[in-house]
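# Examination of the molecular architecture
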Amino acid sequence: VAKHPEIKALMKPDYNLIWVVVLMVLAQLTAFYLVKDLDWKWVVFWAYVFGSCISHSMTLAIHEISHNSAFGNSKAMWNRWFGIFANLPLGLPYSISFKRYHMDHHRYLGGDGIDVDIPTNFEGWFFCTRFRKFIWIVLQPFFYAIRPLCINPKPITRLEIINLSAQLAFDVVIYYLWGVKSIFYMLAGSVLGLGLHPISGHFIAEHYMFLKGHETYSYYGPLNLLTFNVGYHNEHHDFPNIPGKSLPLVKKIAAEYYDNLPQYNSWIKVLYDFVMDDTISPYSRMKRQLKGEVKQD
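Residues numbered from 1 in each chain as written. Predicted model: local features only at pLDDT ≥ 70, side-chain atom pairs only at ≥ 80, totals over all residues. Heavy atoms only, no water.

## Quick word on the environment of Ser 266
Basically, it comes down to this: Secondary structure elements are taken from DSSP: a helix is a run of H or I of four residues or more, a strand is a run of E of two residues or more, and numbering for both begins at the N terminus. For the exposure calls, accessible area comes from a 1.4 Å probe over protein chains only, and a residue counts as buried if that area is under 20% of its type's maximum, exposed if over 50%, partly exposed in between. Between N or O atoms, a polar contact is any pair within 3.5 Å; within protein, one atom must be a potential hydrogen donor and the other a potential acceptor, and residues adjacent in sequence are included only when both atoms are from side chains.
Its location among the elements puts Ser 266 in the loop between strand S2 (263–264) and helix H14 (267–276). Ser 266 gets classed as partly exposed once you look at its relative accessible area, which sits at 30%. In sequence terms Ser 266 and Ala 205 are 61 residues apart; their C-alpha atoms lie 9.3 Å from each other. At a separation of 3.1 Å, a polar atom in the side chain of Ser 266 contacts the main-chain amide nitrogen of Lys 269.

## Digging into unusual backbone geometry
Within the chain, Asn 68 stands out as a residue other than glycine whose phi angle is a positive 65°. Structurally, Asn 68 can be placed in the loop between helix H2 (40–66) and helix H3 (76–87). Positive phi outside glycine occurs at Phe 228, with the angle close to 55°. Tracing the chain through its elements places Phe 228 in the loop between strand S1 (218–219) and helix H11 (233–238).

## So, the UniProt feature "transmembrane region" (unreviewed entry) in the protein chain
Stated formally: UniProt positions are given in the numbering used here, feature names are shortened, and annotations may be inferred rather than shown by experiment.
The residues that UniProt annotates with the feature "transmembrane region" (unreviewed entry) are residues 17–35, 42–61 and 81–98. Helix makes up 100% of residues 17–35 and strand 0%. Its end C-alpha atoms lie 27 Å apart. Here residues 81–98 is 61% helix and 0% strand, with 14 Å between the C-alpha atoms at its ends.

## Remarks on the pattern of salt bridges
Put simply, the rule is: A carboxyl oxygen of Asp or Glu within 4 Å of a side-chain nitrogen of Lys or Arg is what we treat as a salt bridge.
According to the stated counting rule, one finds 13 salt bridges in the structure shown. Salt-bridge contacts for Asp 112 lead to Lys 287; the nearest nitrogen and oxygen are separated by 3.8 Å. Of this pair, Asp 112 sits in the loop between helix H4 (95–107) and helix H5 (121–126) while Lys 287 is found in the segment after H14, placing the two residues 175 residues apart along the sequence. A residue is classified by how much of its surface remains accessible, and Lys 287, at 37% relative accessible area, is partly exposed.

## As for the packing of aromatic side chains
Threshold: Two rings belonging to Phe, Tyr or Trp (six-membered ring only in the last case) form a pair when the distance between their centres is within 6.5 Å. Interplanar angles under 30 degrees mark stacking, angles over 60 mark edge-to-face geometry, and anything in between is tilted. Geometrically, a charge over a ring is one whose NZ (Lys) or CZ (Arg) sits within 6 Å of the ring centre while staying within 35 degrees of the ring normal.
Summed over the entire model, instances satisfying the criterion amount to 23 aromatic pairs. On the numbers, 6.2 Å between centres and 70° between planes, the contact of Trp 136 with Tyr 208 is edge-to-face. Linking Trp 136 in helix H6 (residues 130–138) with Tyr 208 in the loop between helix H10 (201–207) and S1, this pair joins segments that are 72 residues apart in sequence. Across the pair, Tyr 208 and Trp 136 agree in class, each one buried. Plain terms: the ring middles of Phe 210 and Tyr 264 are 5.9 Å apart, the flat faces sit at 80° to each other, and that makes the pair edge-to-face. One end of the pair, Phe 210, is in the loop between H10 and S1; the other, Tyr 264, is in strand S2, and 54 residues separate them in sequence. Each member of the aromatic cluster is reached from another via a ring pair, and the members are Phe 122, Trp 125, Phe 126, Phe 127 and Phe 143. Sitting above the plane of the Trp 78 ring, Lys 75 keeps its charged end 4.3 Å from the centroid.

Quick look at the structure:
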């Protein structure tokens with residue numbers, strides 16, 4: 001920032017995010033209606049081909065919203081309510097809890113017992129062969145859901161109860177209007193999109209140490225178009241208050257800091273390398289013993 005003060009001008013909300021999220025919710029509502037009378041094989045097909053992409057993209061929209069990118073820091077609660085709205089087509093309550101844990105991930109990256117992005121000792125011990133690592137990738141959404149309860153459980157907040165209640169009410173309405181196939185499409189899309197899916201390569205690409213000494217990596221491939229530029233991950237951790245839309249400008253402005261860092265161009269290759277490289281496993285993460293006062297959301 002001292003060398004490139006113009007970066008400060010990028011620290012502002014991305015109001016276009018609001019309209020993108022609204023359109024994504026409408027797209028999924030349309031899909032819920034269209035799949036209600038299809039054969040089951042086509043429900044599964046569209047859940048993976050279309051629903052999974054929208055669902056995973058929506059989780060990354062929620063990631064943006066957790067950083068107050070939709071309405072800005074001065075309207076933090078507007079972002080929380082909007083996150084609950086964006087959560088609806090995912091089928092499972094996610095937004096409020098994610099925000100609480102994700103802030104810890106930024107403040108205490110790799111912090112033992114705090115950063116729930118770090119796999120548990122069981123995951124590292126058990127998922128150590130190629131086949132087991134493949135299964136671990138398939139089951140990633142379940143581990144991301146269960147891991148916080150094992151590593152760093154937190155008291156339930158009022159907003160989390162509202163998130164849960166709104167989600168259950170939405171799911172009941174969808175079931176009442178369009179039936180079980182729409183519900184299956186919604187839930188299957190979320191699970192498949194966060195598991196064995198090209199976009200899910202970002203989970204591993206971001207912080208797994210394929211090269212010793214480098215714990216955060218960026219990806220500059222085309223899937224950033226579907227993921228709000230979450231691939232610009234070094235840039236994001238340096239400037240978490242800059243919306244994803246502007247992260248390519250950060251890289252362009254401060255190119256001397258980013259161009260020579262290790263980077264990826266394919267999330268599919270990341271998944272392949274993770275499974276096939278016997279030196280890489282869920283243990284391949286930097287873990288730190290935190291000292292001093294720890295403040296959590």
